Amino acid sequence: MPVAAPPRPSDRLDATFSALADPTRRAILARLTTGEASVLELAEPFSMTLPAVSKHLKVLERAGLIARSRRAQWRPCRLDAEPLKEVAEWAGEFRRFWDASYERLDTYLQQLKDEEKSHGRRR
Amino acid sequence: MAGAGRSGVTTYATPSDLEVQITRVVDAPRRLVFDAWTNPRHVPQWLLGPPGWTMPVCEIDLKVGGAWRYVWRKSDGTEMAMAGTYREVKPPERVVWTERWGPEWPETMNTIAFAETGGRTTVTMTIKYPSREARDAALQTGMKEGMDAGFARLDELLRTLS
């Protein structure tokens, strides 16, 4: 049955979800919430080669989730939270729908139970 | 499913790459809960999402191959419709149906299971993309990634951001 009305899908939302599907990329984003970091710094917690980390960064950059500075040689990465907001709103809508519906169902079932009690059990 | 034992809490999970699962424990015997989910007299009373919506159309032909159709209307006149076909009907335990928002959306296969313990019922709904074609269609609209990958896993990331 229904999920909340999903927003008209956008290419960006698609790219954001693809980017978020990988645990390493989520860890990289989590690290960037604490501030800018270089590729070297980002690679540190993972047993990964620099090219492998760079590949993840490219995916995140394409999804608009991070920005990489051109000014410095070490090209620090920083988080761009705007697409995440879009995703959060989408996921929030799905949850809002079900949370609200189930809240209402609780009340409604109580009402049905009370009716049964007063009218005798019906099938 | 682990951690789904409390009533009043809706649990969300992604049990596989193709599925989303929504679990809720309600304080009623399952024949009542089944009825609330499948009887057109009851469904429009609660399956409404956030305040402001009503369900003026609720058609349910509860048998294998039978069709269903819901139309929601918001106070500002906005309407949303969903429709599908029942694939399995096993009162009061289980119903399987197809579901689609419209031609541009992927069709999902949804399963709802009702399990009763001590007068309370665990309602487990699983939304699944049934085929490669549906999955590909979903990919094109961006829904697939949204449903499969981002949804539950998003939590951990959003927690770190807040």
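Residues numbered from 1 in each chain as written. Chains lettered and ligands numbered in written order. Predicted model: local features only at pLDDT ≥ 70, side-chain atom pairs only at ≥ 80, totals over all residues. Heavy atoms only, no water.

Caption draft 1: How the structure looks around the overall build of chain B. Across its full length, chain B holds 4 helices and 8 strands. In chain B, the order of α-helices and β-strands from amino to carboxyl end is β-β-α-α-β-β-β-β-β-β-α-α. Relative to its 162 residues, chain B shows a buried fraction of 49%. Sequence separation of 24 or more characterises 34% of the internal contacts of chain B that already satisfy a separation of 6 or more. Here chain B has roughly 7200 Å² of accessible surface; of this, 48% comes from carbon and sulfur atoms. (Helix = DSSP H or I, 4+ residues; strand = E, 2+ residues; numbered from the N terminus. Buried < 20%, exposed > 50% of the residue type's maximum accessible area, 1.4 Å probe, protein only. Contact = heavy atoms within 4.5 Å. Areas by Shrake-Rupley, 256 points an atom, 1.4 Å probe, with all protein chains shown as cover.)

Caption draft 2: Expanded view of the environment of Pro106 of chain B. All names here are of chain B. By secondary structure assignment, the location of Pro106 is in the loop between strand E6 (94-99) and strand E7 (108-117). Classification of Pro106 as buried rests on a relative accessible area of 5%. Sequence separation between Pro106 and Tyr129 is 23 residues, and the spatial gap between their C-alpha atoms is 7.8 Å.

Caption draft 3: Representation of the environment of Leu62 of chain B within the structure. All names here are of chain B. By secondary structure assignment, the location of Leu62 is in the loop between strand E3 (53-60) and strand E4 (67-74). Since its relative accessible area comes to 27%, Leu62 is described here as partly exposed. Residues Leu62 and Arg87, spaced 25 residues apart in sequence, show a C-alpha to C-alpha distance of 9.6 Å. Once you skip the residues sitting within four places of it in the chain, Leu62 turns out to touch Phe34, Thr38, Tyr86, Val89 and Val95.

Caption draft 4: Just the side chain of Thr10 of chain B, in detail. Note on placement: Thr10 of chain B falls in strand E1 (residues 10-13). For Thr10 of chain B, a relative accessible area of 11% gives the class buried. Within the structure, the side chain of Thr10 of chain B is placed 3.4 Å from the side chain of Asp99 of chain A, a separation counted as a polar contact. Polar contacts involving the side chain of Thr10 of chain B include one to the side chain of Arg24 of chain B, which spans 2.8 Å. The contact partners of Thr10 of chain B, leaving out residues within four places of it in the chain, are Asp99 and Tyr102 of chain A together with Ile22, Thr23 and Arg24 of chain B. (Polar contact = N/O pair within 3.5 Å; in protein donor to acceptor, adjacent residues only side chain to side chain.)

Caption draft 5: Expanded view of the pairing of E4 of chain B. Residue and element names in this part refer to chain B. Sheet topology places E3 next to E4; 6 bridges connect them, and they run antiparallel. Residue pairing in the sheet places Val57 in a bridge with Val71 of E4. Judged from the 7 bridges that link them, E4 and strand E5 (residues 79-90) form a sheet pairing that is antiparallel. Within E5, the residue paired with Tyr70 across the bridge is Met82. Adjacent in sequence and paired antiparallel, E4 and E5 are bridged by 4 residues, among which Gly77 carries a positive phi angle near 100°. (Pairing = 2+ DSSP bridges.)

Caption draft 6: Local environment of the nonpolar core. Counting residues in each nonpolar core, the largest one holds 38 residues, and the members touching the most others are Leu109 of chain A together with Trp37, Tyr70 and Trp72 of chain B. Sort the elements by how many residues they give to this core and helix H5 (residues 82-119) of chain A lands first, with 7 residues. The next biggest cluster of nonpolar side chains, apart from the first, holds 18 residues, and it includes Leu32, Ala37, Val39 and Leu57 of chain A. (Core = buried A, V, L, I, M, F, W, Y, C linked by side-chain atoms within 4.5 Å.)

Caption draft 7: Region of interest: the side chain of Thr111 of chain B. Position of Thr111 of chain B among the secondary structure elements: in strand E7. When residues no more than four places from it in sequence are discounted, the contact partners of Thr111 of chain B are Arg94, Val95, Val96, Trp97, Thr124, Met125 and Thr126 of chain B.

Caption draft 8: Structural detail: the confidence of the model for chain B. All names here are of chain B. Mean pLDDT over chain B: 78, with 72% of residues reaching 70 or higher. Mean pLDDT values over the elements of chain B span from 42, in helix H4 (residues 143-161), up to 96, in E6. The low-confidence segment residues 135-162 (pLDDT under 50) makes 76 contacts with residues lying over four places distant or belonging to another chain. Among the scores for the predicted complex, ipTM is 0.73 and pTM is 0.62. (pLDDT = per-residue confidence, 0-100.)

Caption draft 9: Fine view of helix H2 (residues 23-32) of chain A. Taken as a whole, H2 of chain A has its buried residues at Thr24, Arg25, Arg26, Ile28, Leu29 and Leu32 of chain A. A distance of 2.8 Å separates the backbone nitrogen of Thr24 of chain A from a side-chain oxygen at the start of H2 of chain A, and that oxygen is part of Asp22 of chain A.

Caption draft 10: Quick peek at the pattern of salt bridges. Enumeration according to the criterion identifies 10 salt bridges over all chains in this entry. The closest approach of N and O atoms between Arg24 of chain B and Glu103 of chain A, which form a salt bridge, is 3.5 Å. Remark: Glu103 of chain A occurs in helix H5 and Arg24 of chain B occurs in strand E2 (residues 19-26); the pair is interchain, linking two chains. Put simply, Arg69 of chain B and Glu59 of chain B hold a salt bridge, and the shortest N to O gap is 3.5 Å. Note that Arg69 of chain B is positioned in strand E4 and Glu59 of chain B in strand E3, a separation of 10 residues in sequence. Residue classification places Glu59 of chain B among the partly exposed positions, given a relative accessible area of 41%. When salt bridges with common partners are traced through the structure, they connect Glu103 and Asp106 of chain A together with Arg24 of chain B into a single cluster. (Salt bridge = Lys/Arg side-chain N within 4 Å of Asp/Glu carboxyl O.)

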